[in-house]
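# Survey of secondary and tertiary structure
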Amino acid sequence: MGAEADAYDEALRAAASHARAWLHQLPDRRVPPKATADDVRARALDLLTEPPVDAAQVVDELAALAGPGLMAINSGRFFGWVMGGVLPAALGADWLVSSWDQNTGMRAATPGVAGIEEAAGEWLLHLLGLPAGSAVGFSTGATTANTSCLAAGRNAVLAGAGWDVEENGLAEGPRIRVLVGEDSHASVHLALRYLGLGRPERVAVDDQGRLRTDALALALEDAPPGAPTLVCLQAGNLHSGAFDPLGEAADLAHRHGAWVHVDGAFGLWAAAAPRLRHLVAGLDRADSWATDAHKTLNVPYDCGVAVVHDPAPMRAALGVRTSYLLSTDVADPLDVTVEMSRRARGVPVWAALRSLGEDGVAALVERLVDNARALADGLASLDGARVLNDVVYTQVCVSFGSDERTAAVIADGTAWMSGSRWAGRAVLRVSVSNWSTDRADVEASLDAVRRAVAAVDGRRRGTAAQTAP
Ligand SMILES: *Cc1c(COP(=O)(O)O)cnc(C)c1O
């Protein structure tokens, strides 16, 4: 036993030392990686052919291997996609989760972590203004959360049409109509594919990407009453940050007997902030909601959350009952997630909520939005730049004139922002999701874009001079 304990100590000491080195250099580090995946893979494969080494040395090798290829996603100057950083309490909790090694499927088997997850889930319902008593499943991300919620919806709308999909499958059953906004996230489409529901019907959106309720009304009227229908709404558009008119659309869909699901991977958190809550008015009138804890809440990867108002269809769709499991009348974690075996990924969520407090969660979300507005204002003041979206939340899309000029503006590594296309134009897309981003990060990032614009214009002038007669 002594030798094992020593091996753990040494491995953890090495891990703590490398983790601290990484975290401490984040404030000054360039954001993008230097090495490519191909570089790292070649060296990683080489090491696998060498004789084994002790645990601490393995950890040292990993730090050396991955180091040059790490993207500083948890830097305050990382604004790519929608990702988020790591709150200290959540990181500490995550280390414990791995040490405890609890397979969090059954309450009776792993009560220490199942109880913490249940408390985190109940508190999330409170913070996000969702109905008490809803089922909560901690999944790997919003994609599996969307899948979990829509599996419950699939069960419910087919049961309404007299069809037991868990027993009979989809093939001979009634067709399910699925309506999504034209600007819905690819993850919803993926979830629908997993569930055998194919390509959804797309409903028109307005200039911010918000679902138009007049278009939804027309689409709903286009089917016989009672036709099994799923309507997927969005809280937080990837480009504009905009929110579908949730309450109005939910009421409309319910009048047609549809199941209403909300993909709120990062946008659902507006509900936790008094200043932003109006964006999600009527949110609680949907049937299911998917969100991420690894984005806005800043827990380490990976953690999504699936919430379903009526636990019955969720358990019918995802629950497991076999002789070798410890079954009770109360839903087990494995009854509300697509996984059977999994880590206690809800524990870091509890830690994040505990360390922030209710007001701290609100302040976190509001700070992200304030930083997005400061970035938008700074970007708009650059020569030829225009912010294309209404900055209501954490997302900013900026154009620098022509698509060609916009695509050429790439910040120099001081900050990371991804290019994209939105509203038919090339854009530089800024997503503010990190708890640690401060005013200095915002200023340094604006300076980086300013330099990038100047460099692009300098190159263009150079090219123009060369080609001039
Ligand atoms: C990120 C995101 C998803 C997918 O979430 P994962 O955690 O990557 O699975 C779904 N919808 C929206 C709006 C998102 O921003």
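As the structure is a prediction and not an experimental result, all values here were calculated from the model.

## Concerning unusual backbone geometry
Geometrically, the link from Y301 to D302 is a cis peptide bond, its omega value of 0° lying close to zero. Among the structural elements, D302 can be located in the loop between β6 (288-292) and β7 (304-308). A positive phi angle is found at D101, which is not glycine, with a value near 55°. Counting through the fold element by element, D101 comes out in the loop between α4 (88-100) and α5 (111-127).

## Concerning helix α3 (residues 55-66)
With twelve residues, α3 ought to run about 16 Å at 1.5 Å a step, and its terminal C-alpha atoms sit 17 Å apart, in line with that. All of the buried residues along α3 are A56, V59 and L65. Where α3 is buried, its residues contact α1 (2-25) and α2 (37-48).

## Side note on the environment of P274
With respect to the helices, strands and loops of the structure, P274 is situated in the loop between β5 (259-263) and β6. Sequence separation of P274 and Y301 is 27 residues, and the distance between their C-alpha atoms is 27 Å. Not counting residues up to four positions away in its chain, the partners in contact with P274 are A362 and E366.

## Quick word on the site of the ligand
What surrounds the ligand is a group of 13 residues, the closest being T143, D263, D292, H294 and K295. Within the backbone of A142, an N or O atom sits 3.0 Å from an oxygen atom of the ligand. Here a nitrogen atom of the ligand and a side-chain polar atom of D263 are 2.7 Å apart. In isolation the ligand offers 380 Å² of accessible surface; the protein chains occlude 85% of this area. Split into classes, the residues belonging to the shell around the ligand amount to four nonpolar, six polar and three charged.

## Overview of the nonpolar core
Ranked by internal contacts, the top residues of the largest apolar core, which has 58 residues, are L216, V262, L283, V349 and Y393. Elements that contribute at least two residues to this core include exactly α5, β1 (135-139), α9 (213-221), β4 (229-234), α10 (246-255), β5, β7 and α12 (347-380). Ranked by residues supplied to this core, first place goes to α12 with seven residues. For this core, the two domains that each supply at least three residues are domain 2 (91-352) and domain 3 (365-467). Every residue in contact with L283, bar those within four places of it in the chain, is listed here: L128, L130, L246, V262, L268, A271 and W289.

## As for the side chain of S184
Assignment of secondary structure puts S184 in the loop between β2 (177-181) and α8 (186-194). Within polar-contact distance, the side chain of S184 engages the side chain of H189 at 2.8 Å. Apart from the residues within four sequence positions on either side, S184 is in contact with H189 and Q234.

## A few points about the sheet that holds β4
Taken in spatial order, the seven strands make up an open sheet running β1-β7-β6-β5-β4-β2-β3, and their pairing is mixed. One side of each edge strand has no neighbouring strand; the edge strands of this open sheet are β1 and β3 (201-203). Strand-to-strand twist of the sheet, defined as the mean angle between neighbouring strand axes without regard to direction, takes the value 20°. In the sheet, β1 pairs with β7 via five bridges, with the strands oriented antiparallel. Across the sheet, residue F138 finds its bridge partner in β7, namely V305.

## Some remarks on the pattern of salt bridges
The full count for this structure, using the stated rule, is 20 salt bridges. Salt-bridge contacts for R175 lead to E201; the nearest nitrogen and oxygen are separated by 3.9 Å. With R175 in the loop between α7 (165-168) and β2 and E201 in strand β3, this pair connects stretches of sequence that are 26 residues apart. By relative accessible area, R175 is classed as exposed at 63%. Residue K295 is joined to D292 by a salt bridge in which the shortest nitrogen-to-oxygen separation is 3.5 Å.

## Remarks on the sheet that holds strand β9 (residues 395-399)
Reading across the sheet, the four strands line up as β8-β9-β11-β10 and stay open at both edges, with antiparallel pairing between neighbours. Looking at which strands have only one partner, the edges of the open sheet turn out to be β8 (386-387) and β10 (418-422). Lying over the sheet, α12 contacts β8, β9 and β11 (425-431), oriented at roughly 10° with respect to β9.

## A word on the packing of helix α6 (residues 142-160) against helix α11 (residues 311-318)
One way to put it is that α6 packs onto α11 with a least axis distance of 8 Å and a crossing angle of 100°. For the element pair α6 / α11, the angle class is roughly perpendicular. Residues S148, A151, A152, N155 and A156 of α6 lie in contact with α11, whose contacting residues are P313, M314, A316, A317 and L318. Across the contact of α6 with α11, the residue classes tally to eight nonpolar, two polar and no charged.

## Let's talk about the pairing of β6
In terms of burial, β6 is a largely internal element, five of the five residues being buried. Here β6 shows no split at all, with S288, A290 and D292 on one side and W289 and T291 on the other all buried. Pairing of β5 with β6 involves three bridges; the strand directions are parallel. Bridge assignment links V262 to a residue of β6, and that residue is W289. With five bridges connecting them, β6 and β7 associate as antiparallel partners. Bridging across to β7, T291 finds its partner in V305.

Calculation notes
- Residues numbered from 1 in each chain as written.
- Predicted model: local features only at pLDDT ≥ 70, side-chain atom pairs only at ≥ 80, totals over all residues.
- Heavy atoms only, no water.
- Helix = DSSP H or I, 4+ residues; strand = E, 2+ residues; numbered from the N terminus.
- Expected span 1.5 Å × (residues − 1).
- Buried < 20%, exposed > 50% of the residue type's maximum accessible area, 1.4 Å probe, protein only.
- Contact = heavy atoms within 4.5 Å.
- Near = heavy atom within 4 Å.
- Polar contact = N/O pair within 3.5 Å; in protein donor to acceptor, adjacent residues only side chain to side chain.
- Areas by Shrake-Rupley, 256 points an atom, 1.4 Å probe, with all protein chains shown as cover.
- Nonpolar A, V, L, I, M, F, W, Y, C, P; charged D, E, K, R; others polar.
- Core = buried A, V, L, I, M, F, W, Y, C linked by side-chain atoms within 4.5 Å.
- Domains from an automatic or database assignment.
- Pairing = 2+ DSSP bridges.
- Axes fitted to C-alpha atoms, helices over the stretch in contact; angles between N-to-C directions.
- Salt bridge = Lys/Arg side-chain N within 4 Å of Asp/Glu carboxyl O.
- Parallel < 35°, antiparallel > 145°, perpendicular 65-115°, else oblique.

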